[in-house]
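What follows is each chain in one-letter form.
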Amino acid sequence: MPRVAPSAVGVPVSRIRELADIAMRMDGVLRLYFGESNLPTPDYIKDAAVRALRDGYTFYTENAGLPSLRRAIAESYRRLHGVAIDPAGEIVVTASGVQALNVGIRLTLDPGDEALVLTPAWPNGASIVALSNAMAREIPLPLSGSRYAIDFDALEAAVTPRTRLVVYNSPSNPLGWVATQDDQQRLLDFARRHGLWLLADEVYDRLNYLGGRPGEPVPSILRLASRDDAVIVVQSFSKAYRMTGWRLGYLIARRDLAQKAAQINEFIVSHAASFTQKAAETALAEGEEELPGMIQGLRQNRDLCLAALRGMPRVTVPEPDGAFYLFPRIAGVSDSFAFCRRLLEETRVGLAPGVAFGAGGEGSVRICYAAERAILEPALERLGNFLKQG
Ligand SMILES: Cc1ncc(COP(=O)(O)O)c(C=O)c1O
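Everything in this summary refers to the structure shown in the same document. Only a predicted model underlies this, so the values are computations on that prediction, with no experimental measurement involved. (Residues numbered from 1 in each chain as written. Predicted model: local features only at pLDDT ≥ 70, side-chain atom pairs only at ≥ 80, totals over all residues. Heavy atoms only, no water.)

Turning our attention to the pairing of strand 3 (residues 114-119). Most of strand 3 sits inside the fold, with six of its six residues counted as buried. With burial as the criterion, each face of strand 3 is covered, one bearing Glu 114, Leu 116 and Leu 118 and the other bearing Ala 115, Val 117 and Thr 119. Relative to strand 4 (residues 135-140), strand 3 runs parallel, the two sharing six bridges. By the bridge assignment for strand 4, Ala 115 is matched with Ala 136. Between strand 3 and its parallel partner strand 4, the chain crosses via helix 6 (residues 124-131), and the hand of that crossover is right-handed. Pairing of strand 3 with strand 7 (residues 163-169) involves four bridges; the strand directions are parallel. From the neighbouring strand, Glu 114 faces strand 7, where its bridge partner is Thr 163. (Buried < 20%, exposed > 50% of the residue type's maximum accessible area, 1.4 Å probe, protein only. Helix = DSSP H or I, 4+ residues; strand = E, 2+ residues; numbered from the N terminus. Pairing = 2+ DSSP bridges. Right-handed = clockwise from strand over helix to strand, strands pointing away.)

Moving on to the packing of aromatic side chains. According to the stated counting rule, one finds eight aromatic pairs in the structure shown. Ring plane angle 80 degrees and centroid distance 4.9 Å describe the contact between Tyr 33 and Phe 34, whose orientation is recorded as edge-to-face. Residue class for Tyr 33 comes out buried when judged on its relative accessible area of 1%. Ring plane angle 80 degrees and centroid distance 5.6 Å describe the contact between Phe 327 and Phe 357, whose orientation is recorded as edge-to-face. Remark: Phe 357 occurs in the loop between strand 15 (352-353) and strand 16 (365-368) and Phe 327 occurs in the loop between strand 12 (325-326) and strand 13 (329-330); sequence separation between them is 30 residues. A relative accessible area of 4% means that Phe 327 is categorised as buried. Residue classification places Phe 357 among the buried positions, given a relative accessible area of 1%. Three or more aromatic residues link up through ring pairs in this structure, and these residues are Tyr 204, Phe 324 and Tyr 325. (Phe/Tyr/Trp six-rings, centres within 6.5 Å; stacked < 30°, edge-to-face > 60°.)

One open sheet accounts for seven strands, arranged 2-10-9-8-7-3-4; its pairing is mixed. Each edge of the sheet is formed by a strand with only one pairing partner; in this case those strands are strand 2 (91-94) and strand 4. Going across the sheet, the axis of each strand differs from the next one's by a mean of 20 degrees, ignoring polarity. Relative to strand 8 (residues 197-201), strand 7 runs parallel, the two sharing five bridges. Residue pairing across strands places Leu 165 opposite Trp 197, the latter belonging to strand 8. On top of the sheet, helix 4 (residues 67-81) reaches strand 2, strand 9 (231-236) and strand 10 (249-253); it is set at about 115 degrees to strand 2, its chief contact. Against the sheet, helix 5 (residues 97-106) engages strand 2, strand 7, strand 8, strand 9 and strand 10, with an angle of about 160 degrees to strand 9. (Axes fitted to C-alpha atoms, helices over the stretch in contact; angles between N-to-C directions. Contact = heavy atoms within 4.5 Å.)

Here we take up the nonpolar core. Core analysis: the largest hydrophobic core is formed by 134 residues, its most contacted members being Tyr 241 and Phe 324. It is helix 10 (residues 274-310) that provides the largest number of residues to this core, a total of 11 residues. Setting aside residues up to four positions removed in sequence, Phe 324 forms contacts with Gly 35, Glu 36, Tyr 204, Leu 207, Tyr 209, Lys 239, Leu 298, Ile 367, Cys 368, Tyr 369 and Ala 370. (Core = buried A, V, L, I, M, F, W, Y, C linked by side-chain atoms within 4.5 Å.)

The subject of this paragraph is a nonpolar patch on the surface. On the surface, a nonpolar cluster with roughly 310 Å² of combined accessible area is contributed by Phe 267, Ile 268 and Val 269. Residue position: Ile 268 is located in the loop between helix 9 (255-265) and helix 10. (Patch = residues over 30% accessible without salt bridge, like charges linked within 9 Å, V, L, I, M, F, W, Y side chains within 5 Å. Areas by Shrake-Rupley, 256 points an atom, 1.4 Å probe, with all protein chains shown as cover. Salt bridge = Lys/Arg side-chain N within 4 Å of Asp/Glu carboxyl O.)

Around the ligand, the structure places 13 residues, and the nearest of them are Gly 97, Asp 201, Tyr 204, Ser 236 and Ser 238. Val 98 places a polar main-chain atom, nitrogen or oxygen, 3.0 Å from an oxygen atom of the ligand. A distance of 2.7 Å is found between an oxygen atom of the ligand and a side-chain nitrogen or oxygen belonging to Arg 247. Contact with the protein chains removes 94% of the 390 Å² of surface that the ligand exposes when unbound. Its residues placed into classes, the shell around the ligand shows four nonpolar, six polar and three charged. (Near = heavy atom within 4 Å. Polar contact = N/O pair within 3.5 Å; in protein donor to acceptor, adjacent residues only side chain to side chain. Nonpolar A, V, L, I, M, F, W, Y, C, P; charged D, E, K, R; others polar.)

Here strand 2 shows two buried faces, one formed by Ile 91 and Val 93 and the other by Val 92 and Thr 94. Sheet topology note: the strand 2/strand 10 ladder contains four bridges and is antiparallel. When the bridges of strand 10 are listed, Val 92 appears paired with Leu 251.

Their axes nearest at 11 Å, the elements helix 11 (residues 336-347) and helix 12 (residues 373-388) cross at an angle of 115 degrees. One way to sum up the angle between helix 11 and helix 12 is to call them roughly perpendicular. As helix 11 packs across helix 12, the resulting crossing turns out to be right-handed. Residues Phe 339, Arg 342, Leu 343, Glu 346 and Thr 347 of helix 11 form the contact with helix 12, whose own contacting residues are Arg 382, Leu 383, Phe 386 and Leu 387. Taken together, the residues of the contact of helix 11 with helix 12 break down into five nonpolar, one polar and three charged. (Parallel < 35°, antiparallel > 145°, perpendicular 65-115°, else oblique. Left-handed = near helix turned anticlockwise from the far one by under 90°.)

These figures come from the coordinates and say nothing about function on their own.
Structural data, given as structure tokens:
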């Protein structure tokens with residue numbers, strides 16, 4: 001009997017999905033396990049998609065995405081980061097951030113190659129490396145004081161002749177850690193010195209609580225890198241515009257990689273859906289008014305959750321600077337999946353188990369605080385009571 005290829009069988013399941021699959025079969029769960037709000041996409045974006053359908057955006061587009069959307073993305077990088085990106089050659093629209101990650105990793109690794117992945121991290125990066133028949137070496141970010149830091153010595157020590165790629169995510173899912181400019185420069189220098197690709201997952205760049213005005217992005221690595229650097233930026237419309245279900249993202253990369261990405265897109269999804277691309281242009285054009293309010297709300301949620309967690313027994317939690325997650329460590333938890341499952345079954349609160357996020361993640365849980373307070377407040381109360389009971 002033909003069997004599923006062993007290289008595919010060996011790809012690990014997402015332990016976030018595993019927990020979510022159990023939760024989705026239950027009623028009345030307070031869902032804080034996925035990286036999304038309970039609020040839907042804003043109306044001005046939904047209306048734009050309806051308009052686009054009516055206007056005939058129902059046909060195939062270019063593999064790299066609509067030229068008008070790529071121009072709008074380039075314009076937003078010019079405005080927000082002061083960098084000039086060529087919309088015709090350096091941007092590829094993808095059917096989600098995950099797909100951008102997938103194509104970026106696929107184009108940098110051959111079977112048997114190695115990638116260095118900073119963890120704890122959203123598991124998809126390491127799993128896509130495995131899907132490419134390559135190996136991910138996880139390099140945990142140690143907590144130094146109340147801040148996570150990159151262990152550059154561990155990065156240096158992990159380089160082998162097969163290393164081709166470094167993957168990091170800032171603002172981080174699940175840590176909320178934000179790379180400093182010095183971190184970014186050192187990562188870039190490290191990649192240049194060893195001749196590696198540097199993949200920066202910046203999908204949470206607008207969810208930034210570090211000074212500035214709300215909505216001001218975390219500085220992109222593209223401000224430091226030249227367009228000839230071997231740098232790939234992964235982006236998404238999911239987080240800043242609450243468009244998770246739409247599956248729309250993009251990558252920005254050195255011209256040769258971007259062109260290849262557009263070409264192989266033909267054999268993956270060909271291109272992202274036409275009318276969603278058109279709606280994304282509206283998100284970029286009109287979203288700036290809405291973003292500051294959303295960020296302020298998220299910051300208030302973060303502070304509410306931090307205060308509640310700090311009053312709970314066994315919990316230590318650093319203050320995150322970006323994204324919309326808290327990653328508290330819970331003393332005595334050595335199997336975070338079993339802990340989350342019991343919490344779910346006994347209290348109907350759904351959290352993501354820390355073990356899902358690779359090296360350095362076990363013993364913690366991830367809470368997404370993008371939900372409304374009517375969900376967050378009872379969830380925190382139930383978690384606190386659960387911990388008090390031991
Ligand atoms: C770090 C990170 N990168 C990329 C993505 C991809 O987002 P999407 O595929 O919804 O665009 C996510 C989603 O949770 C994420 O957390």
